[in-house]
Amino acid sequence: MALTTVPGTRRKPGRPPSPYPAGPPRTGLGRKVRDNLTGHAFLIGAVICFAFFSWYPMIRGIVMSFQRTRRGVTTWVGWDNYHRIIADPSFWTAWKNTFSFTLLALVLGYAVPFFVAIVLNEFRHAKGYLRILVYLPVMLPPASALFLFKFYAYDPGDAGLFNSILKGLHLPTSQWMQTPGMTMPAMVIASTWMNMGGAVLIYLAALQNVPGELYEAAELDGAGIWRRIRHVTIPQTRLILALLAMLQIVATMQFFIEPLILANGTGAEDSATSVAYLIYQHGFFQNDLNGAAALGVIMLVVLAGFSAAYVRLSAKQD
């Protein structure tokens, strides 16, 4: 049977009409949401995790610092917990030890990984093996590494590793953790050894991005190794150096496991008591959760001040 067409009309080629009714037109916002549904799902999961495990405990700690709980009854006491914590003599001792540890860690624990990375960057062979060797202490559980130092390296007798080295060099031995003046340096040495692997790898990645032409130009100008480090390496890696310095300050001011394991908490004559350990002591030994929360808020304010200063200085340099 032949197909007939109405005179004056032309049949347009294309798809046959759909037997289903057309849906509502897509809006721009709806299309974006549907296109990025997977990304939004991952983002919502991260926000929920932060809300439950970071933001809520922080807000709850701030609220608890203004309360007092006795026999299940909670009352608002205002700034009483802060006044009581600040009036405690151990509060100032803990802050003094915390700042001492942070300064020593900046001198030793911040400089050593940078120079180790510079040395490793000069090697042409066995780079992978050396990086694994440097990073190996980071893979050890912190408690295991500190117990290794406590019972093997810092043994006060002649069997201790460090005392054996001092004795071999005909130098006087030390009691290490039993001597108040040596407690803080000993903890910094142990902390540097077990944590510097990550910083070394970050520095190595930054050093490999430094153009080799700068070193060649410095050598042609007669610059030695120290001048090359000062005028080429440090300026080219200053952003990484500044960032890791800030992270170093934030991490070392929260040191806790070092005095807990190496110095049994407080050390000789309270020479190892840190703010983080004092929070632990108030919360779990004295059952003073409100005082521990107040001390935690004080530490939060101090660390936030350091972070704000870093952001401000970074913005000025940029």
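Use the structure listed above.
Small disclaimer: the values here were computed from a predicted structure and weren't measured.

### Quick word on the overall build of the chain
Counting its regular elements, the chain contains 15 helices and 2 strands. Buried residues in the chain amount to 32% of all 318 residues. A separation threshold of at least 6 residues defines the contact pool for the chain, and within that pool the share at least 24 residues apart is 63%. Split by element, the accessible area of the chain, about 20,900 Å² in all, is 67% carbon and sulfur.

### Observations concerning the nonpolar core
Generally speaking, a soluble globular protein has its nonpolar side chains buried in company with each other. Membership of the largest hydrophobic core comes to 20 residues, with the highest contact counts inside it found for Y154, M177, M187 and L262. Within the residue set of this core, elements represented by two or more residues are α7 (142-153), α9 (180-207) and α13 (257-262). A total of 6 residues in this core trace back to one element, the largest contributor, which is α9. With near-sequence residues (within four places) excluded, L262 lies in contact with L146, F149, K150, Y154, M177, M187 and A190.

### A short note on the pairing of strand β1 (residues 67-70)
The pairing of β1 with strand β2 (residues 73-76) spans 4 bridges and is classified as antiparallel. In the sheet register, Q67 faces β2, and the bridge partner there is W76. Count of turn residues in the β1/β2 antiparallel hairpin: 2 residues, of which R71 carries a positive phi of about 55 degrees.

### Digging into the packing of helix α5 (residues 111-122) against helix α6 (residues 127-139)
For the pair α5 and α6, interaxial distance at closest approach is 10 Å and the crossing angle is 160 degrees. As summarised for this structure, α5 and α6 are arranged roughly antiparallel, according to the angle between their axes. In terms of crossing hand, the pair formed by α5 and α6 is right-handed. Contact residues: α5 offers V116, L120 and N121, while α6 offers K127, L130 and V134. Looking at the contact of α5 with α6, its residues break down into 4 nonpolar, 1 polar and 1 charged.

### Quick look at the side chain of S65
Take S65: it is sitting in the loop between α2 (37-64) and β1. We classify S65 as buried; its relative accessible area is 0%. Among the polar contacts made by the side chain of S65, one reaches the side chain of Y82 at a distance of 2.7 Å.

### Quick look at a nonpolar patch on the surface
Residues L43, V47, F50, W55, M58, I59, I62 and L300 make up a contiguous nonpolar surface patch of about 740 Å² in total accessible area. If you tally residues by element for the nonpolar patch, the top one is α2, at 7 residues. Residue placement: I62 occurs in helix α2. In this structure I62 comes out as partly exposed when scored by relative accessible area, which is 33%.

### Digging into helix α4 (residues 89-109)
Helical geometry: 3.6 residues make up each α-helical turn, so side chains three or four residues apart lie on a common side. Compared with the 30 Å implied by 1.5 Å per residue over 21 residues, the 29 Å span of α4 between its first and last C-alpha is a close match. Restricting attention to buried positions, one finds in α4 the residues F91, A94, W95, N97, T98, F101, T102, A105 and G109. Buried residues of α4 fall within an arc of 165 degrees about the axis and therefore sit on the same side. Opposite its buried face, α4 presents the exposed residues P89, W92, K96, L103 and V107, each directed more than 90 degrees away.

### Describing the packing of α6 against α9
Here α6 crosses α9 at 135 degrees, and the two axes come no closer than 5 Å. Accordingly, the angle class assigned to the pair α6 and α9 is oblique. In this structure, α6 crosses over α9, and the sense of that crossing is left-handed. Taking contact as the criterion, the partners of R131, V134, Y135, P137 and V138 in α6 are, on α9, W193, M194, N195, G197, G198, V200, L201 and L204. The residue makeup of the contact of α6 with α9, split by class, is 9 nonpolar, 3 polar and 1 charged.

### Section: unusual backbone geometry
Non-glycine residue W176 carries a positive phi angle of around 55 degrees. Summarising the element assignment, W176 is placed in the loop between α8 (161-168) and α9. The backbone phi angle of N264 is positive, close to 55 degrees, even though this residue is not glycine. By the secondary structure assignment, N264 is in the loop between α13 and α14 (275-285).

### Remarks on the packing of aromatic side chains
Applying the stated rule across the entire model yields 23 aromatic pairs. Between the aromatic rings of F66 and Y82, the centroid separation amounts to 5.4 Å while the plane-to-plane angle is 50 degrees, which identifies the pairing as tilted. Of the two residues, F66 sits in the loop between α2 and β1 while Y82 sits in helix α3 (residues 80-87), which places them 16 residues apart along the sequence. Residue Y82 is classed as buried on the basis of its relative accessible area of 7%. Ring plane angle 70 degrees and centroid distance 6.4 Å describe the contact between F149 and F162, whose orientation is recorded as edge-to-face. Of the two residues, F149 is situated in helix α7 and F162 in helix α8; the sequence distance between them amounts to 13 residues.

What counts, and where the lines are drawn
- Per chain, the residues get numbers from 1 upward, laid out in the order the sequence is written.
- Residues qualify for local features only when their pLDDT is at least 70, as the model is predicted, and side-chain atom pairs are given and counted only at 80 or more; totals for whole chains, interfaces and linings, by contrast, use all residues.
- Computation of side-chain values: all heavy atoms of the structure, hydrogens and water removed.
- A helix here means a DSSP run of H or I that spans at least four residues, while a strand means a run of E at least two residues long, and both kinds are numbered starting from the N terminus.
- Using a 1.4 Å probe on the protein chains alone, a residue whose accessible area is under 20% of its type maximum counts as buried, one over 50% counts as exposed, and one in between counts as partly exposed.
- In what follows, a contact means two residues having at least one pair of non-hydrogen atoms within 4.5 Å.
- The accessible surface values rely on the Shrake-Rupley method and a 1.4 Å probe; as for residues, cover is taken only from the protein chains in view.
- Joining through side-chain atoms within 4.5 Å is the link that ties buried Ala, Val, Leu, Ile, Met, Phe, Trp, Tyr and Cys residues into a set, and such a set is a nonpolar core.
- Only strands joined by at least two bridges in the DSSP assignment are considered to pair.
- For helices, the fitted axis covers only the stretch in contact; all axes are lines through C-alpha atoms, and the angles between them, taken along N-to-C directions, range from 0 to 180 degrees.
- Any angle that falls under 35 degrees is termed roughly parallel, while one over 145 is termed roughly antiparallel, one within 65 to 115 roughly perpendicular, and all others oblique.
- The hand of a helix crossing depends on one turn: near helix anticlockwise from the far one by less than a right angle means left-handed, and clockwise means right-handed.
- Gly falls in the polar group here, along with every residue not listed as nonpolar (Ala, Val, Leu, Ile, Met, Phe, Trp, Tyr, Cys, Pro) or charged (Asp, Glu, Lys, Arg).
- Identification of polar contacts relies on pairs of N or O atoms within 3.5 Å, with a donor-acceptor requirement for protein atoms, meaning one able to donate a hydrogen and the other able to accept it, and with residues adjacent in sequence counted only if both atoms are side-chain atoms.
- Residues qualify for a patch when their relative accessible area is over 30% and they have no salt bridge, like charges being joined within 9 Å and the nonpolar side chains of Val, Leu, Ile, Met, Phe, Trp and Tyr within 5 Å.
- Definition used for salt bridges: Asp or Glu carboxyl oxygen within 4 Å of a side-chain nitrogen of Lys or Arg.
- Helix span is expected to be 1.5 Å times the residue number reduced by one.
- Note that the arc is computed from the directions linking the helix axis to the C-beta atoms.
- Ring pairs shown here join Phe, Tyr and Trp side chains whose ring centres sit within 6.5 Å, with only the six-membered ring taken for Trp; geometry is labelled stacked below 30 degrees between planes, edge-to-face above 60, and tilted in between.

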